[in-house]
Amino acid sequence: MTIPKKVRLVEVGPRDGLQNEKQPISVADKVRLVDDLSAAGLGYIEVGSFVSPKWVPQMAGSAEVFAQIQRQAGVVYGALTPNMKGFEAAVEAGVREVAVFAAASEAFSQKNINCSISESLARFVPIMDAARAHGISVRGYVSCVLGCPYEGAVAPERVASVAGELFAMGCYEVSLGDTIGTGTAGATRRLFELAAAQVPRDKLGGHFHDTYGQALANVYASLQEGISVFDSSVAGLGGCPYAKGATGNVASEDVLYLLEGLGIHTGIDMDRLIDAGQRICEVLGKANGSRVARARLASR
Ligand code: HMG
Ligand code: MG
């Protein structure tokens, strides 16, 4: 299979990147991050989540963030919505694209959203109906696609089946999440091969956390499987509150560098992306998790 000529990056830094941060982050800093990412040329930015503030306190200010960002034409600003309450809050905040999130592991589903996989899928049906009525697009996520922090190995057939259900109910794209970053290139290729039987390859995305340092290799393995959408996080920020020890997503800068080396152009400005990541790292008092950003910053 040839590598796709066009690739879309879904920037999840403001949501996946910040959701696990324990220190308070001001709305102004979140807004600045989103605006910096818009200016860098990202076409899709996941801005926040409309989830229970008891479960994920850091995302509590998402409506205010949406109210203050400078929306650029052609940029999609998305949000996670686990249930109708979250969907309604998102609509109220002017969100035009949402994402629902399921898991391929029962234990993770319970820990993350307090219900079984089938209950979660049933919960998404009225969201899909309401979204259709509002003209809102819905993206789907499956977590724990290459391993679960509670159950260990996860059968790729289960992942493919959950992805297929999300696609069948109307998600225009399904992103497969290696929540704990244990996946390898071989397992990634097998996973997409199986998932492609349920969801067309051009409707599948890859979402790799970098806990074991395999994320970039897994992105490349996915490209070899014809996958052309990747979620990434500026400066490699992030982690899931319900996956202990899991580190951030693959860094957007590193994926961009990989793509540029393959002659795949995205229109994203590397220097501006690096500046966006470095700025939020300074706010958080954290080292930059992107190898490319560190190298470029050191040589500036
Ligand atoms: P629950 O406790 O079962 O909810 O939580 P409930 O319906 O029983 O309601 C309990 C209380 O929560 C009520 O308030 C509700 O109003 C409130 P109370 O009466 O007690 O004051 N509530 C809400 N408040 C705000 N927004 C809402 C909402 N819904 C209920 N939407 C629930 C179920 C799904 C709400 C909860 O488990 C939750 O919020 N979970 C979110 C977890 C999360 O955000 N995890 C991280 C994102 S997923 C991820 O990172 C993985 C991904 O990156 C891919 C990958 O890496 O694998 C996407
Ligand atoms: Mg994630």
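Placed above this text is the structure.
An account of the accompanying structure is given in this report. (Residues numbered from 1 in each chain as written. Chains lettered and ligands numbered in written order. Predicted model: local features only at pLDDT ≥ 70, side-chain atom pairs only at ≥ 80, totals over all residues. Heavy atoms only, no water.)

1. Some points on the overall build of the protein chain
For step 1, the next point in the chain: Along the protein chain, the regular secondary structure elements total 12 helices and eight strands.
For step 2, the next point in the chain: The C-alpha atoms of the protein chain give a radius of gyration of 17 Å, which matches the 19 Å a tight globule of 300 residues would have.
For step 3, the next point in the chain: Taken along the three principal axes of its C-alpha coordinates, the protein chain extends 50 × 45 × 35 Å.
For step 4, the next point in the chain: Taking all 300 residues of the protein chain together, 56% fall into the buried category.
For step 5, the next point in the chain: Taking the contacts inside the protein chain whose residues are at least 6 apart along the sequence as the reference set, 74% of them involve residues at least 24 apart.
For step 6, the next point in the chain: Of the roughly 12,000 Å² of accessible surface on the protein chain, 51% is carried by carbon and sulfur atoms.
For step 7, the next point in the chain: Across the protein chain, the 28 positively charged side chains and the 31 negatively charged ones have centroids separated by 1 Å. (Helix = DSSP H or I, 4+ residues; strand = E, 2+ residues; numbered from the N terminus. Rg over C-alpha atoms; globule rule 2.2 N^0.38 Å. Buried < 20%, exposed > 50% of the residue type's maximum accessible area, 1.4 Å probe, protein only. Contact = heavy atoms within 4.5 Å. Areas by Shrake-Rupley, 256 points an atom, 1.4 Å probe, with all protein chains shown as cover. Lys, Arg positive; Asp, Glu negative; His and termini not counted. Charge placed at Lys NZ, Arg CZ, Asp CG, Glu CD.)

2. Re unusual backbone geometry
For step 1, the next point in the chain: Positive phi values are uncommon outside glycine, yet Cys144 reaches one of about 60°.
For step 2, the next point in the chain: Along the polypeptide, Cys144 turns up in the loop between strand 5 (137–143) and helix 7 (156–169).
For step 3, the next point in the chain: Judged by relative accessible area, which is 0%, Cys144 ranks as buried.
For step 4, the next point in the chain: Of note, the phi angle at Ala235 is positive, near 65°, even though the residue is not glycine.
For step 5, the next point in the chain: Mapping Ala235 onto the fold places it in the loop between strand 8 (229–232) and helix 10 (252–261).
For step 6, the next point in the chain: The class for Ala235 is buried, based on a relative accessible area of 2%.

3. What to know about the coordination of the magnesium ion (ligand 2)
For step 1, the next point in the chain: Listed as protein donors to the magnesium ion (ligand 2) are Asp16 (OD), His207 (NE2) and His209 (NE2); their distances from the metal cover 2.1 to 2.3 Å.
For step 2, the next point in the chain: Read in sequence order, the donor residues coordinating the magnesium ion (ligand 2) give the pattern D-x190-H-x1-H. In this pair, Asp16 is assigned in helix 1 (residues 13–17) and His209 in the loop between strand 7 (204–208) and helix 9 (215–224), connecting sequence segments 193 residues apart.
For step 3, the next point in the chain: Exposure remark for His209: the relative accessible area of 3% places this residue in the buried category. (Donors = N, O, S within 2.8 Å, 3.2 Å for Na, K, Ca; no water.)

4. Notes on the packing of aromatic side chains
For step 1, the next point in the chain: Applying the stated criterion across every chain, the model contains three aromatic pairs.
For step 2, the next point in the chain: Centroid distance Trp55 to Tyr242: 5.6 Å. Interplanar angle 55°. Geometry classified as tilted. Of this pair, Trp55 sits in the loop between strand 2 (44–49) and helix 3 (62–68) while Tyr242 sits in the loop between strand 8 and helix 10, and the two are 187 residues apart along the sequence.
For step 3, the next point in the chain: In this structure, Arg139 is placed above the aromatic ring of Tyr44, and the distance from its NZ or CZ to the ring centre is 5.8 Å.
For step 4, the next point in the chain: Here the basic side chain of Arg139 rests over the ring of Tyr141, its NZ or CZ set 5.5 Å away from the ring centre. (Phe/Tyr/Trp six-rings, centres within 6.5 Å; stacked < 30°, edge-to-face > 60°. Lys NZ or Arg CZ within 6 Å of the ring centre and 35° of its normal.)

5. Re the environment of Gly267
For step 1, the next point in the chain: Among the secondary structure elements, Gly267 is positioned in the loop between helix 10 and helix 11 (270–284).
For step 2, the next point in the chain: Look at Gly267 and you get exposed, because its relative accessible area is 65%.
For step 3, the next point in the chain: Separated by 225 residues in the primary sequence, Gly267 and Leu42 have C-alpha atoms spaced 7.9 Å apart.
For step 4, the next point in the chain: Among all residues touching Gly267, those that are not within four sequence positions of it are Ala40 and Gly41.

6. Things to note about the pairing of strand 5
For step 1, the next point in the chain: The buried count for strand 5 comes to six of seven residues, which makes it a mostly enclosed element.
For step 2, the next point in the chain: Here four bridges tie strand 5 to strand 6 (residues 173–178), and the two strands are oriented parallel to one another. Bridged to Arg139 within strand 6 is Glu173.
For step 3, the next point in the chain: Following the backbone out of strand 5, through helix 7 and into the adjacent parallel strand 6, one traces a crossover that is right-handed. (Pairing = 2+ DSSP bridges. Right-handed = clockwise from strand over helix to strand, strands pointing away.)

7. What to know about the site of ligand 1
For step 1, the next point in the chain: Ser52, Asn83, Asn114, Ser143 and Thr179 are the nearest of the 26 residues found near ligand 1.
For step 2, the next point in the chain: A distance of 2.9 Å is found between a nitrogen atom of ligand 1 and a backbone nitrogen or oxygen belonging to Phe50.
For step 3, the next point in the chain: With respect to ligand 1, the side chain of Thr179 contributes an N or O atom lying 2.6 Å from an oxygen atom.
For step 4, the next point in the chain: Burial of ligand 1 by the protein chains amounts to 74% of its free accessible area of 1,100 Å². (Near = heavy atom within 4 Å. Polar contact = N/O pair within 3.5 Å; in protein donor to acceptor, adjacent residues only side chain to side chain.)

8. Here we look at the side chain of Ser290
For step 1, the next point in the chain: For Ser290, the location among the structural elements is in the loop between helix 11 and helix 12 (291–298).
For step 2, the next point in the chain: At 2.6 Å, the side chain of Ser290 forms a polar contact with the side chain of Asp254.
For step 3, the next point in the chain: When residues no more than four places from it in sequence are discounted, the contact partners of Ser290 are Ala235, Ala251, Glu253 and Asp254.

9. Focus: the packing of helix 9 against helix 10
For step 1, the next point in the chain: Packing of helix 9 against helix 10 brings their axes to within 10 Å, and their N-to-C directions diverge by 40°. The angle between helix 9 and helix 10 places the two elements in the oblique class. Relative to helix 10, helix 9 is oriented so that their crossing is right-handed. Of the residues in helix 10, those in contact with Leu216, Val219, Tyr220 and Leu223 of helix 9 are Asp254, Val255, Leu258 and Leu259. (Axes fitted to C-alpha atoms, helices over the stretch in contact; angles between N-to-C directions. Parallel < 35°, antiparallel > 145°, perpendicular 65-115°, else oblique. Left-handed = near helix turned anticlockwise from the far one by under 90°.)

So, to be careful, I would describe these as geometric facts and stop short of saying anything about function.
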